[in-house]
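So the chains spell out like this:
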2 protein chains.
Amino acid sequence: MIVDTLAIVGTGLIGGSFSLALKQAGAVRTVLGVGRNPARLTVARELGLIDRAVDWAGAGQADCILLALPVGETEVVLKNLAPHLKAGAIVTDAGSTKANVVAAARAALGARAADFVPGHPIAGSEQSGPGAARADLYQGKKVVLTPQADTRADALATVRALWEAAGAQVETLDAAQHDRVFAAVSHLPHLAAFALVDELAQRADGDTFFRFAASGFRDFTRIAGSAPDMWRDIALANREAVLAELDAYVAALQSLRQAVAGEDADALLKLFSRARSARERWLAP
Amino acid sequence: MIVDTLAIVGTGLIGGSFSLALKQAGAVRTVLGVGRNPARLTVARELGLIDRAVDWAGAGQADCILLALPVGETEVVLKNLAPHLKAGAIVTDAGSTKANVVAAARAALGARAADFVPGHPIAGSEQSGPGAARADLYQGKKVVLTPQADTRADALATVRALWEAAGAQVETLDAAQHDRVFAAVSHLPHLAAFALVDELAQRADGDTFFRFAASGFRDFTRIAGSAPDMWRDIALANREAVLAELDAYVAALQSLRQAVAGEDADALLKLFSRARSARERWLAP
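What you see is a predicted model; the values in this text were computed from it and never measured.

Let us look at the overall build of chain A. A tally of helices and strands in chain A yields 12 helices and nine strands. Taken against the 2.2 N^0.38 rule, which gives 19 Å for 285 residues, the C-alpha radius of gyration of chain A at 21 Å falls within 12% of a compact globule. With the C-alpha coordinates aligned to their principal axes, the bounding extent of chain A is approximately 65 × 40 × 35 Å. By residue count, 54% of the 285 residues in chain A fall in the buried class. Within chain A, contacts between residues at least 6 apart in sequence are counted, and of these 78% link residues at least 24 apart.

Structure follows, in structure tokens:
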């Protein structure tokens, strides 16, 4: 047992899977659920993701509270929670951006911001909602924590232990570096996939294109099935880094365009070969 | 039995899978292999993809000859084959672009171009080579044939029957329309994936980025593992349509950039929601 009582704000794929994994590992005794949508909380209880639904006052009595929500909601949720936090309670989150979440925690929690451990599990799916939750979602996956200078050491240790109990490998990064890295390897690909699908869908003869799209297209655009509100929040929360990545990507596409327009077979072969090798190195064990 | 003897020029994933599927279906008796690389032909024979290796003169005696090669090699191969083609022999191909292949067939085959049936199986994998071939590669997949006004009707019927015996659904399209459609749903995504991986790999701190890349990145870039020479040829062979798609994609990314820069939450939510819905409609049975 790592903590007696865990509260989950947002009982969807991420929060629900955290709960299932910790229950299975015997790392928590009781899991409470908080959310605006009573029907969703009922489903979460029926699926065994939470033991019972509580209000903010109830959640504040938990030993650890995980926020698993679109990152744009962080500050409002922490403000709701702040007056009710019991002494020693730890708050953490699972948001895909970290600098804005750290700022939200400072604004909402004041001195209690030292009890907040910013986190980001690198796991997910284009599926969402309580029905998508599964106990093994974090097995072998990375979780990045971005503790601040004043983050309580024992709060950090507890959050680390919880993620490890859920099967994850925990790493720490500076929050700004986290945001730059994930702008490149996650946020940009999501935006690029959404843009590609939407561009085709907007065409008058879009159906003809989709009719012949196959497995390459399916995999390239899998992440365009992700939750729109979550990705709106990420794009805005990590705006500067996302814009820099969009610019770098457009520049890369323009340079590729130049090689195609100039029929530069050698440049194309080099670019494609470098990319394939880099990807193979990345995938190699 | 649809044809007695089939010859495959290029005994890799595409040609080898065609052979395995037709042998399994009892649609061919003998499969001959042609290629520049003797070691590869030996592997193909050992794997049962071909019965024996032959030269151009031997291949010309087959009832049907499939070209399964990077499209840039089409004209040279057809010129090698042309003097040896027996009366009634049918030639077909599996290239990802069609207008350039049709032009190559006219240039190389002259009057015998009526015996050429341009084809494109919409199946594949980022894997390549004889070892990747499998009998079920085409099961349930689309194959697009782009017959010309003068294509021999019985040659078209035979090629259609072969692909159907291999498990595929055959459709016909105008060659130019084929190239426009596949520029959008296949060629552009491949180029976009290659460009993304290469852009990251070129960075001095590229390793840090790859270290945190996860399943979304893996799927988005799966097609960047494809054969570089094949994709160089496709980009050049379908240059005009590929450039038009690159321009449309860059414009879509610029418009998305504007929404992020202007913090237009509503526009982002609408774009992401439209994309997700379009993809769901596409995937729905």
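Interface extent is often summarised as the accessible area lost during association of the parts. Taken together, the contact between chain B and chain A spans 69 residues of the former and 69 residues of the latter. Those elements that place two or more of their residues in the side of chain B that touches chain A are α7 (175-201), α8 (206-212), α9 (215-220), α10 (228-237), α11 (239-261) and α12 (265-283) of chain B. By residue number, the principal contributor to the side of chain B that touches chain A is α7 of chain B, which donates 18 residues. For the side of chain B that touches chain A, a count of residues per class yields 47 nonpolar, eight polar and 14 charged.

Residue and element names in this part refer to chain A. Domain parsing of chain A yields domain 1 (3-173) and domain 2 (177-283). Taking only C-alpha atoms, the centre of domain 1 and the centre of domain 2 are 30 Å apart. The interface is formed by 14 residues belonging to domain 1 together with 17 residues belonging to domain 2. Classifying every residue of the side of domain 1 that touches domain 2 gives five nonpolar, seven polar and two charged.

Its rotation angle being 180 degrees, the transformation that places chain B on chain A also includes 0.0 Å of axial translation and leaves an RMSD of 0.0 Å. Given the turn and translation reported, the copies of this chain are related as if by a two-fold rotation axis. Considering only C-alpha atoms, the residue of chain B closest to the rotation axis is Phe220 of chain B, which sits at 2.0 Å.

In this section: the nonpolar core. Within the largest apolar cluster, 205 residues are counted, with the highest numbers of intra-cluster contacts made by Leu6, Val9, Ile65 and Leu66 of chain A together with Val9, Ile65 and Leu66 of chain B. Excluding anything up to four places from it in sequence, Ile65 of chain B contacts Ala7, Val9, Ala59, Leu81, Ala89 and Val91 of chain B.

Let us look at the sheet that holds strand β6 (residues 116-117) of chain A. All names here are of chain A. The six strands lie next to each other as β3-β2-β1-β4-β5-β6, forming an open sheet whose pairing is parallel. The open sheet has two edge strands, β3 (52-53) and β6, and neither has a second partner. Running over the sheet, helix α6 (residues 153-165) touches β1 (3-9), β4 (64-67), β5 (90-93) and β6 and is turned about 50 degrees from β5.

Below, the discussion takes up unusual backbone geometry. Phi is positive for Glu263 of chain A, close to 50 degrees, though the residue is something other than glycine. Looking at Glu263 of chain A, the number of C-beta atoms within 10 Å reads 11, which means it is exposed.

Moving on, we get to the sheet that holds strand β4 (residues 64-67) of chain B. Residue and element names in this part refer to chain B. Within the open sheet, the six strands sit side by side as β3-β2-β1-β4-β5-β6. Their pairing is parallel. Lying at the two open borders of the sheet, with one neighbouring strand each, are β3 (52-53) and β6 (116-117). When strand β1 (residues 3-9) meets β4, the two strands line up parallel, connected through four bridges. Bridge assignment links Ile8 to a residue of β4, and that residue is Leu66.

The rules behind these values
As a convention, each chain's residues are numbered from 1 in the sequence order in which they are written. All chains are assigned letters beginning with A, and all ligands numbers beginning with 1, in the order in which they are written. Whole-chain, interface and lining totals are the exception, using all residues; otherwise, since this is a predicted model, local features are given only for residues with pLDDT of at least 70 and side-chain atom pairs are given and counted only at 80 or more. The helix and strand labels rest on DSSP assignments: H or I over at least four residues marks a helix, E over at least two residues marks a strand, and numbering proceeds from the N terminus. Both definitions apply: the radius of gyration is a C-alpha atom measure, and the globule rule equals 2.2 Å times residues to the power 0.38. To sort residues by burial, count the other C-beta atoms lying within 10 Å of each one's C-beta; a count of 20 or more means buried, 12 or fewer means exposed, and anything in between means partly exposed. C-beta atoms are built from the backbone. By the criterion used throughout, residues are in contact when their C-beta atoms, derived from the backbone, lie within 7 Å. In the scheme used here, Gly and all other residues not listed as nonpolar or charged are polar, with Ala, Val, Leu, Ile, Met, Phe, Trp, Tyr, Cys and Pro taken as nonpolar and Asp, Glu, Lys and Arg as charged. Reported domain spans reflect what an automatic or database domain assignment gives. The superposition of copies rests on a least-squares fit of C-alpha positions from residues with pLDDT of 70 or more in both. One nonpolar core equals one set of buried Ala, Val, Leu, Ile, Met, Phe, Trp, Tyr and Cys residues connected by C-beta atoms within 7 Å. Following DSSP output, two strands are said to pair if at least two bridges run between them. Under this scheme, a helix contributes an axis fitted over its contacting stretch, all axes are lines through C-alpha atoms, and angles between N-to-C directions fall in the 0 to 180 degree range.

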